[in-house]
Amino acid sequence: MSSQAPRHAHCLIIGSGPSGYTAAIYAARAELKPLMITGLEHGGQLMFTTDVENYPGYPKGRTGPEMMEDFRLQAERFGTEIHYKHVVEVDFSVSPKKIKTDDGSEYTADAVIISTGASAKWLNLPSEQKFRLSGGGVSACAVCDGYFYRGMDVAVVGAGDSAAEEATYLANLCKTVHLLVRRDEMRASAIMQKRVLNTANIKVHWNTETLEVLGDDVVSGIRVINNQTQETSEIPVEGFFLAIGHNPNTQVFKGQVETDDVGYIITHGKTTHTNVPGVFAAGDVQDTEYRQAVTAAGTGCMAALDAERWLKSNELM
Ligand code: NDP
């Protein structure tokens, strides 16, 4: 533990994806002197994305890392202080709130904005991760990347509502969508399943698991196994989409702030207020529905405005 006095911030932002940086830009311009603790993966999920073509204001597209660099520069331009550390412990039961980081530093804050995001689940096959990191045809977001596979054959892994939604979304763009379901039934709601089964160019492969993503520089197919017959086969595809769920990054806030069963932070009504006064949540950490960079940025703006109003009404600024 650090022997130094804790560093105090009016407004402390945890996480550095689109929501965190947008909160920082608004908070800095409102003279809240925000201090951001980036987390281990600074820049968030977009750092693992190649081209972002659906963020307004970038008519020619931008790579995810370039975009996050722009966000960072804009936040710093207005005086955001950025600490490249990872939060390991918080205590929101006291005032000011307490935050500790991985290097033993201690912080206190009047208002805290949580924007730690959610991480897509992966199969963690070496071949999947290779193409994911190179941008060669593996994605966990059909809405973000489906457009690149217009007229092509793709595969989607999963059997929940996300997989059903992503498969039907891709079916509008792609020639054939191979939906790989590991059991002999889907978990998705009845109406979503019906939509999948009634879409002519979605081919459901039951009891099927992926063994390997094939290809040299880009994805050219997948090798799969039927886990009932143990028969293996290859399916030619150019895109491989994962839709097996997300993990909200909220482990460190467990017991400190109200979450749903999965761990997503619950915000009140149309605001970013959590159940703890002065603690706000923005971006994917509180969003099970939209999960887009632009929606995350929107809620980041809301969190900064909510924090500013809360600080003023509590005479903390
Ligand atoms: P879920 O946890 O509901 O489903 C995950 C799916 O992925 C399951 O079918 C699971 O299979 C499968 N899966 C998990 N791991 C693997 C693996 N290693 N290999 C193959 N398949 C795997 O996650 P979702 O993201 O689909 O949904 C999360 C929540 O969001 C749900 O409550 C859902 O209802 C909701 N949602 C609602 C939507 C809507 O209403 N429009 C849209 C999207 C999500 P198995 O079934 O065998 O466990």
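Residues numbered from 1 in each chain as written. Predicted model: local features only at pLDDT ≥ 70, side-chain atom pairs only at ≥ 80, totals over all residues. Heavy atoms only, no water.

Quick look at the site of the ligand
Close to the ligand lie 13 residues, the nearest being Asp161, Ser162, Arg182, Arg183 and Arg187. The contact in question runs from an oxygen atom of the ligand to an N or O atom on the side chain of Arg182, over 2.9 Å. Within the side chain of Arg183, a nitrogen or oxygen atom sits 2.7 Å from an oxygen atom of the ligand. Ranked by the residues each element gives to the shell around the ligand, the list is headed by helix α5 (residues 161-171), at three residues. Taken together, the residues of the shell around the ligand sort by class into four nonpolar, four polar and five charged. (Near = heavy atom within 4 Å. Polar contact = N/O pair within 3.5 Å; in protein donor to acceptor, adjacent residues only side chain to side chain. Helix = DSSP H or I, 4+ residues; strand = E, 2+ residues; numbered from the N terminus. Nonpolar A, V, L, I, M, F, W, Y, C, P; charged D, E, K, R; others polar.)

As for the packing of aromatic side chains
Inspection of the entire model under this criterion finds five aromatic pairs. Judged by centre distance (5.8 Å) and plane angle (70 degrees), the ring pair of Tyr55 and Phe71 falls under edge-to-face. Here Tyr55, found in the loop between β3 (51-52) and β4 (62-63), pairs with Phe71, found in helix α2 (residues 64-77); they are 16 residues apart in sequence, far enough to count as distant. Considered together, Tyr55 and Phe71 belong to a single accessibility category, that of buried residues. Where Phe280 meets Trp310, the ring centres are 6.4 Å apart and the plane angle is 75 degrees; that geometry is what we call edge-to-face. Of this pair, Phe280 sits in strand β19 (residues 279-281) while Trp310 sits in helix α7 (residues 293-313), and the two are 30 residues apart along the sequence. Taken individually, Phe280 and Trp310 each receive the classification buried, so the pair is uniform in this respect. Following the ring pairs from residue to residue traces out a cluster consisting of Tyr55, Tyr58 and Phe71. (Phe/Tyr/Trp six-rings, centres within 6.5 Å; stacked < 30°, edge-to-face > 60°. Buried < 20%, exposed > 50% of the residue type's maximum accessible area, 1.4 Å probe, protein only.)

What about a nonpolar patch on the surface?
The grouping of Met47, Phe48 and Leu133 at the surface amounts to a nonpolar patch, some 260 Å² of accessible area in total. Position of Phe48 relative to the elements: it lies in the loop between β2 (35-37) and β3. (Patch = residues over 30% accessible without salt bridge, like charges linked within 9 Å, V, L, I, M, F, W, Y side chains within 5 Å. Areas by Shrake-Rupley, 256 points an atom, 1.4 Å probe, with all protein chains shown as cover. Salt bridge = Lys/Arg side-chain N within 4 Å of Asp/Glu carboxyl O.)

Considering the pairing of strand β6 (residues 87-91)
Pairing geometry for β6 and strand β7 (residues 97-101), over four bridges, is antiparallel. Paired with Glu89 across the bridge in β7 is Lys100. Connecting β6 to the antiparallel partner β7 that follows it, the hairpin turn spans five residues. (Pairing = 2+ DSSP bridges.)

Here we look at the nonpolar core
Side chains that are nonpolar tend, in soluble globular proteins, to be buried together. Ranked by internal contacts, the top residues of the largest apolar core, which has 30 residues, are Ile13, Tyr21, Tyr55, Met67, Ile113 and Phe280. Sort the elements by how many residues they give to this core and α7 lands first, with seven residues. Beyond its immediate stretch of four places on either side in the chain, Tyr55 contacts Met67, Phe71, Ala293, Val294 and Ala297. Val154, Val177, Met192 and Ala243 belong to the second largest nonpolar core, which has 22 residues in total. (Core = buried A, V, L, I, M, F, W, Y, C linked by side-chain atoms within 4.5 Å. Contact = heavy atoms within 4.5 Å.)

A closer look at the state of the cysteines
Scanning the model with the defined rule gives one disulfide in all. Here Cys141 pairs with Cys144 through a disulfide, and the sulfurs are 2.1 Å apart. Handedness of the Cys141-Cys144 disulfide follows from its S-S torsion of about 70 degrees: it is right-handed. Of the residues examined, Cys141 reaches a relative accessible area of 15% and is grouped as buried. A relative accessible area of 27% means that Cys144 is categorised as partly exposed. Cysteine Cys301 is unpaired, with the sulfur of Cys11 as its nearest cysteine sulfur at 13 Å. (Disulfide = S-S within 2.5 Å.)

Structural notes on unusual backbone geometry
The residue after Ser95, namely Pro96, is reached through a cis peptide bond having omega 0 degrees. Looking at where Pro96 falls in the secondary structure, it is placed in the loop between β6 and β7. One non-glycine residue, Lys33, lies in positive phi territory at about 50 degrees. Turning to its location among the elements, Lys33 is positioned in the loop between α1 (18-29) and β2.

Points about the sheet that holds strand β15 (residues 221-226)
Taken together, the three strands give an open sheet; going across it, the order is β14-β15-β16, and neighbouring strands pair in antiparallel fashion. Either end of the sheet is taken by a strand with one partner, and the two such strands are β14 (208-214) and β16 (232-235). Adjacent strand axes in the sheet meet at a mean angle of 30 degrees, parallel and antiparallel pairs treated alike. By the bridge criterion, four bridges tie β15 to β16 in an arrangement that is antiparallel. (Axes fitted to C-alpha atoms, helices over the stretch in contact; angles between N-to-C directions.)

Here's the deal with the pairing of strand β13 (residues 202-205)
If a strand is regular, its side chains alternate between the two faces of the sheet. With four bridges connecting them, strand β12 (residues 176-180) and β13 associate as parallel partners. The residue of β13 that forms the bridge with Val177 is Ile202. The parallel pair β12 and β13, bridged by helix α6 (residues 190-197), forms a crossover whose chirality is right-handed. (Right-handed = clockwise from strand over helix to strand, strands pointing away.)

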